[in-house]
Amino acid sequence: LGASPSLVASVVVSKFDDHLPLYRQEEIFRREGFFLSRQKLANWVITYYEELLPFIKYFKKQVYNSAFLSKDETKVSVLNVKAPSGKPSKNGYMYITIGDTYDKQTQRTRSLVLLDYIQGRSGKVLFEDIGTYGYNSYLMTDGLKGYLSYEKHCVCWVHAVRQFKKILKIDKKNIHALGIVKEVAKLYDIDEEYRKTLLSGEIQTDKFLAVRKTASDDVIDKVYELLDEIRNSYSPSGAMAKAIDYLDTYKAYLRTYLEVVEATPSNNACELIAKAFATGRKNWLFAQSVDGADASAFFYSLIETAKRSDLNPMDYVEAICTFGPGRKTDTEWEALLPDKIDLAKLREIRALRLAAKPDPSRATPYNFVGATR
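All values derive from a computational prediction rather than experimental measurement.

Student: Hey, could you run me through the overall build of the protein chain in this one?
Tutor: Of the regular secondary structure elements, the protein chain holds 16 helices and five strands. For the protein chain, the proportion of its 373 residues judged to be buried stands at 50%. Within the protein chain, contacts between residues separated by at least 24 positions form 67% of all contacts whose residues are at least 6 apart in sequence. Only carbon and sulfur atoms are counted for the fraction: they give 52% of the accessible area of the protein chain, which is about 19,000 Å². Between the mean site of the 54 positive side-chain charges and the mean site of the 48 negative ones, the protein chain shows a separation of 6 Å.

Student: Sorry, what's going on with the environment of Phe-277 here?
Tutor: One can find Phe-277 in helix H12 (residues 268-284). Distance from Phe-277 to Thr-74, taken between C-alpha atoms, is 7.9 Å for residues 203 residues apart in sequence.

Student: What am I meant to see in the side chain of Asp-217 here?
Tutor: Tracing the chain through its elements places Asp-217 in helix H10 (residues 205-230). Sequence-distant contacts of Asp-217, that is, excluding residues within four places in its chain, are made with Arg-255 and Leu-258.

Student: Mind showing me how you'd approach helix H16 (residues 343-355) here?
Tutor: One turn of the α-helix equals 3.6 residues, which is why residues spaced by three or four share an orientation. Taking 1.5 Å as the rise per residue, H16 with 13 residues should run 18 Å; its terminal C-alpha atoms sit 19 Å apart, in good agreement. For H16, the set of buried residues is Leu-343, Leu-346 and Arg-350. An end-on view of H16 places all buried positions within 50° of arc, on one side of the element. Counted as exposed and oriented over 90 degrees from the buried face of H16: Glu-348, Leu-352 and Ala-355. Taken together, the buried residues of H16 touch helix H14 (313-323). At the N-terminal end of H16, a side-chain oxygen is found 3.1 Å from the backbone nitrogen of Ala-344, two or three residues along, and the residue is Asp-342.

Student: Explain the pattern of salt bridges to me, please; I cannot follow it from the model alone.
Tutor: When their charged atoms lie close together, side chains carrying opposite charge are able to pair. If you walk through the whole model with that rule in mind, you get 21 salt bridges. Where Asp-17 meets Lys-307, a salt bridge forms, and the shortest distance between an N and an O atom there is 2.6 Å. With a gap of 290 residues between them, Asp-17 in the loop between helix H1 (5-16) and helix H2 (22-31) and Lys-307 in helix H13 (residues 290-308) connect regions that are remote in the sequence. Note that Glu-26 and Arg-38 form a salt bridge whose closest N and O atoms lie 3.1 Å from each other.

Student: Just to check I follow, could you spell out the packing of helix H3 (residues 38-51) against helix H4 (residues 53-63) for this structure?
Tutor: Pairs of packed helices are described in terms of their axes, by the angle between the two and the distance that separates them. Taken N-terminus to C-terminus, the directions of H3 and H4 make an angle of 65°; their axes are 4 Å apart at the nearest point. On the side of H3, the interface is formed by Tyr-49, Glu-50 and Glu-51, while H4 contributes Leu-53, Pro-54 and Ile-56. Its residues assigned to classes, the contact of H3 with H4 shows four nonpolar, no polar and two charged.

Student: Please explain H3 as it appears in this structure.
Tutor: The end-to-end C-alpha separation of H3 is 20 Å, in line with the 20 Å expected for 14 residues at 1.5 Å each. Every buried residue belonging to H3 is among Leu-41, Trp-44, Val-45, Ile-46, Tyr-48 and Tyr-49, and all of these are buried. Contacts from the buried residues of H3 go to H1, H2, H4, H13 and H14.

Conventions and cut-offs
- Residues numbered from 1 in each chain as written.
- Predicted model: local features only at pLDDT ≥ 70, side-chain atom pairs only at ≥ 80, totals over all residues.
- Heavy atoms only, no water.
- Helix = DSSP H or I, 4+ residues; strand = E, 2+ residues; numbered from the N terminus.
- Buried < 20%, exposed > 50% of the residue type's maximum accessible area, 1.4 Å probe, protein only.
- Contact = heavy atoms within 4.5 Å.
- Areas by Shrake-Rupley, 256 points an atom, 1.4 Å probe, with all protein chains shown as cover.
- Lys, Arg positive; Asp, Glu negative; His and termini not counted.
- Charge placed at Lys NZ, Arg CZ, Asp CG, Glu CD.
- Expected span 1.5 Å × (residues − 1).
- Arc of directions from axis to C-beta.
- Polar contact = N/O pair within 3.5 Å; in protein donor to acceptor, adjacent residues only side chain to side chain.
- Salt bridge = Lys/Arg side-chain N within 4 Å of Asp/Glu carboxyl O.
- Axes fitted to C-alpha atoms, helices over the stretch in contact; angles between N-to-C directions.
- Nonpolar A, V, L, I, M, F, W, Y, C, P; charged D, E, K, R; others polar.

Quick look at the structure:
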């Protein structure tokens, strides 16, 4: 494969978790006395990506087998994807999907993060994988209108009150905007309160859904009562009217999350991943090719999956690169999922590497390639 799993894992995590683009990593290696061009580093990453394609397909299937999905997207530029003008397309996105499944027995949620490179946000693109994998459960989004046709659509409350918060930045004493924002904040307190009792085993899922819904419905009813009281006090073309209109438009979707154990009032999990990706994007700016974008998406998926699973991203990426190539069956692939992977085997390999001693009779110099520990 050209480089050891530990080296590739180090390159990947440095780029996507520490936001160090490959040209900076090239400079770091050069200071240590090694000439590893950014092109070589990129080729190693893509080589491992290609070896892991069967696992990627299995991983994606598992994401769409989840009980609940959250989706968002963030811009990405790929140089060899051209717009009609001949310039690089500005219509590229990293499409973020989080698949969550709560296990009643373990009282834990398996969370898988998937990033895909897509072109455009048409309905055909947004629903392609949902159709391919037959997903028909609940979906949380930021309210992008392309999703409105989806029957089990949940809309994020953070986005629902965003316009009210903008008003408060200009007018901190606007009692109407403040009242709406404070009322909606109660939804998060309610979810947190009852979710703690669910995860501690004090209540079961049915009870959790019932008590959370009762308490949250009262709050949502109050929000819309406040809207009815204030809507005639503002100009139809003003900022407050725009904020009210958003809540009216998405009214049918703002309670849907209450039907799902895994769902919270917001899509913040996806938003945080999008923001982290955008932070790195400021440093590395673009991908050279679609293969590069696809490889980046996959390894970024592993890193974010590890974080949501309380795993060390370096450990998880290195373990996938170590044990993934050559595996062929679903059973073997399942053993690589974050809730199943045995990191003790990885630690054994590291211990053997650290314990290795040079051959005293060797006449030619060693050429070490790849190991980062």
